[in-house]
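Next come the chains, spelled out residue by residue.
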Amino acid sequence: MKQQTRIFDLITNYKTEHANKTIIAGRNKEGEWRTYSSIEFIDKINSLSKALLSIGLQKGDRIALMSGNRPEWSIVDFACNQLGIALVPLYPTLASQDLSFIINDAEAKLIFVSNEELSTRINVALKDNQLAIPIYTFETVNNYQNIASLYQIGEKLETDLKPFNDAVSENDLLTLIYTSGTTGKPKGVFLSHKNILSNVQACYPLIRSDFKKAISFLPLCHIFERMVVYMYYSKGVEIYFAENLDNIVVDINDVKPDLFTTVPRVLEKVYDKIVAKGKDLKGIKRSLFMWALDLGLRYQEPLKNSAWYNFQLSIARKLIFSKWQEALGGNIKIIVSGGAALQERLARVFWAAEMKVLEGYGLTETSPVIAVNTFEDTGIKFGTVGRPLKNLEVKIAQDGEILVKGPSVTSGYYKNDEATKETFDENGFFKTGDIGEISSDGFLKITDRKKEMFKTAGGKYIAPQAIENKLMESTFIGQIMVVGENRKFPAALIVPAFEEIEKWMKYKGISVVSKEDTIKNLQVIAKYNQEIERLSTEFGHWEKIKKFTLLPKEWTIDAGQLTPKLSLKRKVILKENESKIEDIYKESN
């Protein structure tokens, strides 16, 4: 394999080593998988590059892209990066004011969007701010130019792309990714070819040589999925893009992938559905399922399980867990989880089911992976995010903050020197904003976000994520946010898992009328009190949730309460529920 110093070198090597092989696929309008061979894929990339040059784009320019995961996303990405044009991904759920700010701040010369809905949203954002920028669509949309027209232009040109490739260096800007902060304006993270490629190469051990197919459904706008997709290209893994989560289980069963990446929330939903089906079984089948589930939840790191446990597990795997695997296509070997804290019990039970969930940790500014568990018997420690990558220096500051230095760390924020200075310490270490600790055997554990920790009125520190993560073990809790800064005690806003609590209500003979009635039902409220008490035994008395309120609507990205990676936008949720929070503390006076 030739030395790789720029991201597009991955594709050059792919063509050499995997000519004519299926490289990517996406669903067409008829719902069928449209596959691309490596040669066709590269031809599309080169045609688009030539067309971009012909309409005046050049090295140093920036192009914005707003789309779900689909082959065109990667085609645009590589067509840009092999010319030294930086890509600016736009989350499809961004508010109009954020879209216009990012497009303007990045000085985008052209915008690609996938469909009519997104082209309309982009157009509104541009008009609101009097920006005149050409828009090209992936799908046919009236009154908009289409990417197919650019392919056609490029196919007729005989432009030699080699000089343009040669002019791109590893330190050139590859992408500007704007962080979706809950306060202030988005910040553009500067990531070079070297930043991301160094992270790809450091994560090579995650992909075994026998992995053939992967499915990609986390947003490519986020650096986590994008870096992993680059890693798939580097390893010759076929990539099947799923544009949304609506049919993801069907897509997984169609593709039968060896691996995929996810966020804990998706894994929690998969687990809850499997468990719900198991609980609906009758007689011996139900007993066997619950026995296997209990066994799986007690799974320890591979070398710590006893011979008797492993014997029982072999039976459970044959009778029960094999069906879990079938539900996810039958070939899953690893699942990489990131973006938020993973419940330890989920990692344990999926490992027991021979689907190894590898929790990792990182930030956009670190390209992104800082640490990750691996599939080796000695490479996993439940409750941690794994060992730091070998090419990074990671240490814990005196106040507990995780600091990192290495080739994958951004050089700073675009046109924002003040924010850049604030983010690095005097020794050049990037300040992650996360609190953590490193075990004696080198595993990193995240305990909370520095900015999200708060003090009660009594001066006690509360780490909300740790409490939320533990309480999410209840199948009756869909979402939860701990509150209580400068208050007498911590409280919680809880969105019930309505499907589960309604099943419980019917079992108890309680009539189910509406969600609004459910959250007011005294027996339901008592049940949540019971669940909170059951799961809070490991917390200090000052950390225990004393009061809570149940909410009728799920927090979503579209409604603005979640970030694109499904993290809570705490300030937004606090603002929306001010009166409910005040009521919680009024009742306690």
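Located above this text is the structure these notes cover.
Residues numbered from 1 in each chain as written. Predicted model: local features only at pLDDT ≥ 70, side-chain atom pairs only at ≥ 80, totals over all residues. Heavy atoms only, no water.

### Examining the overall build of the protein chain
A tally of helices and strands in the protein chain yields 21 helices and 26 strands. Relative to the compact-globule value of 25 Å for 589 residues, the protein chain shows a C-alpha radius of gyration of 25 Å, a close match. For the protein chain, the C-alpha atoms occupy an extent of roughly 75 × 55 × 50 Å along the three principal directions. Burial statistics for the protein chain: of 589 residues in total, 55% are counted as buried. Counting contacts in the protein chain only where the partners sit at least 6 residues apart, residues at least 24 apart contribute 66% of the total. Accessible area of the protein chain: about 26,200 Å², with a carbon and sulfur share of 49%. (Helix = DSSP H or I, 4+ residues; strand = E, 2+ residues; numbered from the N terminus. Rg over C-alpha atoms; globule rule 2.2 N^0.38 Å. Buried < 20%, exposed > 50% of the residue type's maximum accessible area, 1.4 Å probe, protein only. Contact = heavy atoms within 4.5 Å. Areas by Shrake-Rupley, 256 points an atom, 1.4 Å probe, with all protein chains shown as cover.)

### Section: the sheet that holds strand β24 (residues 477-483)
An order of β24-β25-β26 is seen for the 3 strands of this open sheet, with the pairing classed as mixed. Strand pairing shows two members of the sheet lacking a second neighbour, β24 and β26 (547-550), which therefore form its edges. Recorded for the sheet is a direction-independent mean angle of 25° between the axes of neighbouring strands. As paired elements, strand β25 (residues 491-496) and β26 share 4 bridges and run parallel to each other. Paired with L493 across the strands is T549, a residue of β26. (Pairing = 2+ DSSP bridges. Axes fitted to C-alpha atoms, helices over the stretch in contact; angles between N-to-C directions.)

### Focus: the packing of aromatic side chains
Within the structure shown, the criterion is met by 19 aromatic pairs. Here Y271 and W324 contribute two aromatic rings whose centre-to-centre distance is 6.4 Å and whose plane-to-plane angle is 70°, an arrangement assigned as edge-to-face. Residue Y271 is found in helix α11 (residues 264-279), and its partner W324 is found in helix α13 (residues 307-327); the two are separated by 53 residues along the sequence. The exposure class of Y271 is buried, given its relative accessible area of 3%. (Phe/Tyr/Trp six-rings, centres within 6.5 Å; stacked < 30°, edge-to-face > 60°.)

### Overview of the environment of P490
Of note, P490 is situated in the loop between β24 and β25. Considered as a pair, P490 and F138 are 352 residues apart in the sequence and their alpha carbons are 48 Å apart.

### Quick look at the environment of F101
Looking at the secondary structure, you find F101 in helix α4 (residues 96-105). Setting aside residues no more than four positions away along its own chain, F101 makes contact with Y178, K185 and P186.

### Details of the side chain of Q4
Mapped onto the elements, Q4 comes out in the segment before α1 (9-17). At 3.2 Å, the side chain of Q4 and the side chain of Y204 are in polar contact. (Polar contact = N/O pair within 3.5 Å; in protein donor to acceptor, adjacent residues only side chain to side chain.)

### Points about the pattern of salt bridges
For the coordinates displayed, the defined rule picks out 33 salt bridges. A salt bridge links E554 to K269, with the nearest nitrogen and oxygen atoms 3.7 Å apart. Pair noted here: E554 is in the loop between β26 and α20 (570-576) and K269 is in helix α11, with a separation of 285 residues, a long-range link. Given the relative accessible area of 40%, E554 is considered partly exposed. Look at K269 and you get partly exposed, because its relative accessible area is 41%. For the salt bridge of E473 with K470, the shortest nitrogen-to-oxygen distance reads 3.3 Å. As far as burial versus exposure is concerned, E473 and K470 are alike and both buried. In the salt-bridge network here, residues are joined through shared partners; they are R62, D105, E107 and K415. (Salt bridge = Lys/Arg side-chain N within 4 Å of Asp/Glu carboxyl O.)

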